[in-house]
Each structure stands twice: as C-alpha cells, then as structure tokens.
Amino acid sequence: MKIYELVIVGAGPAGLTAGIYAARKKIDFIIITKDIGGQTLYSWDIENYIGYQFITGPELVEKFKLHIREFNVDIRENEYVMKVLKDTKNFRLITNKGEYLTKTVIIATGRKPKELGIDNENKFKNRGITYCATCDAPLFRDKVVAVIGGGNAGLDAVLQLSRIAKKIYLIEIKKELTGDRFVIEKIKKIEKVEILTNSQVIEVYGDNFINGIKIKKEEDIIDLRLDGIFVEIGSIPNSEIIDFVEKNENREIIVDCKNNTSFPGIFAAGDVTNVFAKQIIVACGEGAKAAIAVFEYLKYI
Ligand SMILES: Cc1cc2nc3c(=O)[nH]c(=O)nc-3n(C[C@H](O)[C@H](O)[C@H](O)COP(=O)(O)OP(=O)(O)OC[C@H]3O[C@@H](n4cnc5c(N)ncnc54)[C@H](O)[C@@H]3O)c2cc1C
C-alpha cells in the first residue's frame, strides 16, 4: 500500500490552508474530508476575514476552492475518517471507503453542533428542529420560529431568519445574551424578534412536525406555539477519530505553538484543538503553521 507523507483530515479553513501550504512545499499528500468548507458554509455574514468587508460563508468557500484548485490537490470529498491508528512507523487511517498509510497526519476536523439533550429531540430532527440556519432558514418563510442560544451563532441565525420568518423568539438560558454587543444592539431593534432570557427549553411537542415548545423562565412555564426551532447552543470538537493524543476537558486536541499534538507525527489545527479563538482567520493561520511544521518534521524522519 502506498505510504503518503501526509494526510490532512478535514477541508474547512484549517485543512484547506494546510493543503495550500503542503502543496507549495511539494509534500506528497491528500485531503480526506466529508465536505469542502466546513462550518464556514453555514456562516451568513462574515465581516471579520481580512480582505473582505463583507462576504457570505458559501462565497468565501468558493474563493477557497478556486485557490486550492490552482495546486491540483487530491481532495477525497464525501469520505470520512472513522479512526486514526498507529501502524509501526506510520499511521493507518480507516475511512468509510478504505484505508490509507501515512507518515504524518494533520487533524483539522473542526466542530459539530451541540444538541439540546431533551426528550423528542431525535424524533423532530429535520421535522422542525434544525441545527443550521443557513441551510434551513428558507424553509420557514412567514413561519413562527425560535432560536435557542444567544451567543454569536444564535445571533447570526436570528439575523438570517429576520429576512424570512414572521416572528422569532430568541431564547437564552443565561441572564443576558452573550454574543457580540454590536450585533445584540442590531437585533434589539428588529420588531419581530422577542428575546426571552433566563429561559430553558424543557419540552418539544407535535405530531409529525413540531407544533410548539415549553420553556421554563424562572418559576414560570411558557408554552410557545411555533413551526420550527433553530438550536444554536454551541459546538463540540470532532476529535473522537483519535484516542492516543492528549485532549482537554472539552475533548479538544491539545497542541503546542507548532501544532504538535502529544504524539509525534500527529498534528492538529483549527477548531478541533484547544487553540484560543474559534474563528476562520485563526483556523487558516493554524492550518498554515501545521503544514509548515509537518514539512520540518519530515526532514528528520
Ligand atoms: C453559524 C456560524 C457562524 C460563524 N461565523 C463566523 C464569522 O463570521 N467569522 C469567523 O471568523 N468565524 C465564524 N464562525 C467560526 C468558523 O466557521 C470556524 O472557526 C472555522 O470554520 C473553523 O475551521 P476548521 O477548519 O477548524 O473547522 P471546520 O470549519 O469545522 O471544518 C472541519 C472539516 O472537517 C471535516 N470533517 C469532520 N470530521 C471529519 C472526519 N471524521 N473525516 C473527514 N472529514 C471530517 C468537515 O467536513 C469539514 O470539512 C462561524 C461558525 C458558525 C457555526
């Protein structure tokens, strides 16, 4: 079986940038990924990626794709890694389509949304409960919806829905919304948005599709009749594919400033790691560093 010098797992901002750097260094590598773009595909308006005052996530991903195509990178899309294993001097990657041997790995698998963890959540997934406003907001034209979570992802969902839905409840478990103040001010001015803080979803109900939710607001139980809920309560790292590197209490892979993990030859970059600030520009920088670190590492093995 062929032994690659590097396999990059994931093609979000971190994996794609690592790919561009690896290609320019003439490393023999492939990218294995479920999709191209990662979480950036779900971001509606990006105002903090330098060079673009405003760009949508899908547009930015198109730019990334155009850029990486220049280098003829071998991207195995729609393939996912189930396990990374040690294999004498190399690493063996088991995917849904086959197996690969490689001298080094960059894990750039990012994060996935957290679920509410309440009864009926599975039953109503894609039947009124969604975890992606960018993907599903257009399905709720003139409907009543709730966004659960008042952090930046929740605020982003509210902004998208404000152009589509009839009424939006924004439900936050804490005393205050926690996203950027600038966006909170913008949202407070939108009439069709009703903000409920100190509020927790305790029940989702319906028949085939959801009809409503019950929330506990301090001592009161409030029944909201609605057509859909957007769960935006944070995310967890996609780090379960490897179990021989150190992780922190949030299951993030611990890396040093050169993106080394605790196991030589395994590198990690972006949102799956313990890096401070989960942002596109940070993930790109981390992907670049990881590929340069792999190049240095390969010189000595
Ligand atoms: C709604 C929303 C809005 C956001 N808005 C902004 C913003 O305005 N500005 C900003 O800077 N940041 C924003 N972010 C954060 C930003 O999207 C992330 O920080 C960034 O995408 C992280 O990049 P990443 O490459 O580390 O991971 P991800 O983008 O999560 O990419 C991970 C990649 O790994 C792949 N993958 C996962 N598991 C496997 C596996 N087992 N095998 C193969 N492939 C796998 C995925 O398919 C994906 O391609 C937003 C995030 C969300 C959710």
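Residues numbered from 1 in each chain as written. Predicted model: local features only at pLDDT ≥ 70, side-chain atom pairs only at ≥ 80, totals over all residues.

Concerning the overall build of the protein
Argument step 1. What the protein contains, in helices and strands, is 7 helices and 17 strands.
Argument step 2. Taken over C-alpha atoms, the radius of gyration comes to 21 Å for the protein, in line with the 19 Å a tight globule of 301 residues would show.
Argument step 3. Over its C-alpha atoms, taken along the principal directions, the protein stretches across nearly 65 × 40 × 30 Å.
Argument step 4. Looking at the protein as a whole, 42% of its 301 residues qualify as buried.
Argument step 5. In the protein, once contacts between residues fewer than 6 apart in sequence are set aside, the share between residues at least 24 apart is 61%. (Helix = DSSP H or I, 4+ residues; strand = E, 2+ residues; numbered from the N terminus. Rg over C-alpha atoms; globule rule 2.2 N^0.38 Å. Buried ≥ 20, exposed ≤ 12 C-beta atoms within 10 Å, placed from the backbone. Contact = placed C-beta atoms within 7 Å.)

A look at the domain arrangement of the protein
Argument step 1. Domain assignment breaks the protein into domain 1 (3-112 + 235-298) and domain 2 (115-231).
Argument step 2. Distance from the C-alpha centre of domain 1 to the C-alpha centre of domain 2: 31 Å.
Argument step 3. Between domain 1 and domain 2, the contact holds 4 residues from the first and 6 residues from the second.
Argument step 4. Here the residues of the side of domain 1 that touches domain 2 are counted per class, giving 2 nonpolar, 2 polar and no charged. (Domains from an automatic or database assignment. Nonpolar A, V, L, I, M, F, W, Y, C, P; charged D, E, K, R; others polar.)

Remarks on the site of the ligand
Argument step 1. Of all residues adjacent to the ligand, which total 36 residues, the nearest are G10, G12, G38, G110 and G270.
Argument step 2. Sorting the residues of the shell around the ligand by element identifies strand 1 (3-11), helix 1 (13-24), strand 2 (29-36), helix 5 (152-161) and helix 7 (280-298) as the ones contributing at least two each.
Argument step 3. With 4 residues, the top contributor of residues to the shell around the ligand is strand 2.
Argument step 4. Split into classes, the residues belonging to the shell around the ligand amount to 16 nonpolar, 14 polar and 6 charged. (Near = placed C-beta within 6 Å.)

What about the environment of I148?
Argument step 1. Mapped onto the elements, I148 comes out in strand 9 (residues 144-148).
Argument step 2. Looking at I148, the number of C-beta atoms within 10 Å reads 23, which means it is buried.
Argument step 3. When the C-alpha positions of I148 and K103 are compared, they lie 43 Å apart, and in sequence the two are 45 residues distant.
Argument step 4. Those residues within four positions of I148 in sequence are excluded, and the remaining contacts are L116, I171, V201, I229, F230, V231, E232 and I233.

Re the packing of helix 1 against helix 7
Argument step 1. Viewed as axis vectors pointing N to C, helix 1 and helix 7 meet at an angle of 40°, and their least axial separation amounts to 7 Å. Classified by the interaxial angle, the pair formed by helix 1 and helix 7 is oblique. Two packed elements cross with a definite hand, and for helix 1 against helix 7 that hand is right-handed. Contacts from P13, A14, G15, L16, T17, A18, Y21 and A22 in helix 1 reach I280, A283, C284, E286, G287, A288, A290, A291, I292 and V294 in helix 7.
Argument step 2. When the residues that make up the contact of helix 1 with helix 7 are grouped by side-chain class, the tally is 14 nonpolar, 3 polar and 1 charged. (Axes fitted to C-alpha atoms, helices over the stretch in contact; angles between N-to-C directions. Parallel < 35°, antiparallel > 145°, perpendicular 65-115°, else oblique. Left-handed = near helix turned anticlockwise from the far one by under 90°.)

Considering the sheet that holds strand 15 (residues 228-231)
Argument step 1. Spatially, 5 strands are ordered 8-15-9-10-11 in an open sheet, and the strand pairing comes out parallel. Two strands in the sheet have a free side with no partner beyond their single neighbour: strand 8 (129-130) and strand 11 (193-196).
Argument step 2. In the sheet, strand 8 pairs with strand 15 via 2 bridges, with the strands oriented parallel. Bridging from a neighbouring strand, T130 pairs with F230 of strand 15. (Pairing = 2+ DSSP bridges.)

Observations regarding the pairing of strand 4 (residues 81-87)
Argument step 1. As paired strands, strand 4 and strand 5 (residues 90-95) are joined by 6 bridges and run antiparallel to one another. Each bridged residue has a counterpart across the sheet, and for L85 the counterpart in strand 5 is R92.
Argument step 2. Counting the residues between successive antiparallel strands, the hairpin from strand 4 to strand 5 contains 2 residues, one of them, T88, with a positive phi of roughly 40°.

So, unusual backbone geometry
Argument step 1. A positive phi angle, close to 60°, is found at K26, a residue other than glycine.
Argument step 2. When you line up the elements, K26 lands in the loop between helix 1 and strand 2.
Argument step 3. Exposure remark for K26: the 9 C-beta atoms within 10 Å place this residue in the exposed category.
Argument step 4. Within the chain, E218 stands out as a residue other than glycine whose phi angle is a positive 50°.
Argument step 5. Relative to the helices and strands, E218 is located in the loop between strand 13 (210-217) and strand 14 (220-225).

Focus on the environment of D271
Argument step 1. One can find D271 in the loop between strand 17 (266-268) and helix 7.
Argument step 2. By C-beta crowding, D271 is classed as buried, having 27 other C-beta atoms within 10 Å.
Argument step 3. Spatially, the C-alpha atoms of D271 and L101 are 25 Å apart, while their sequence positions differ by 170 residues.
Argument step 4. Not counting residues up to four positions away in its chain, the partners in contact with D271 are G110, R111, P237, K278 and A283.

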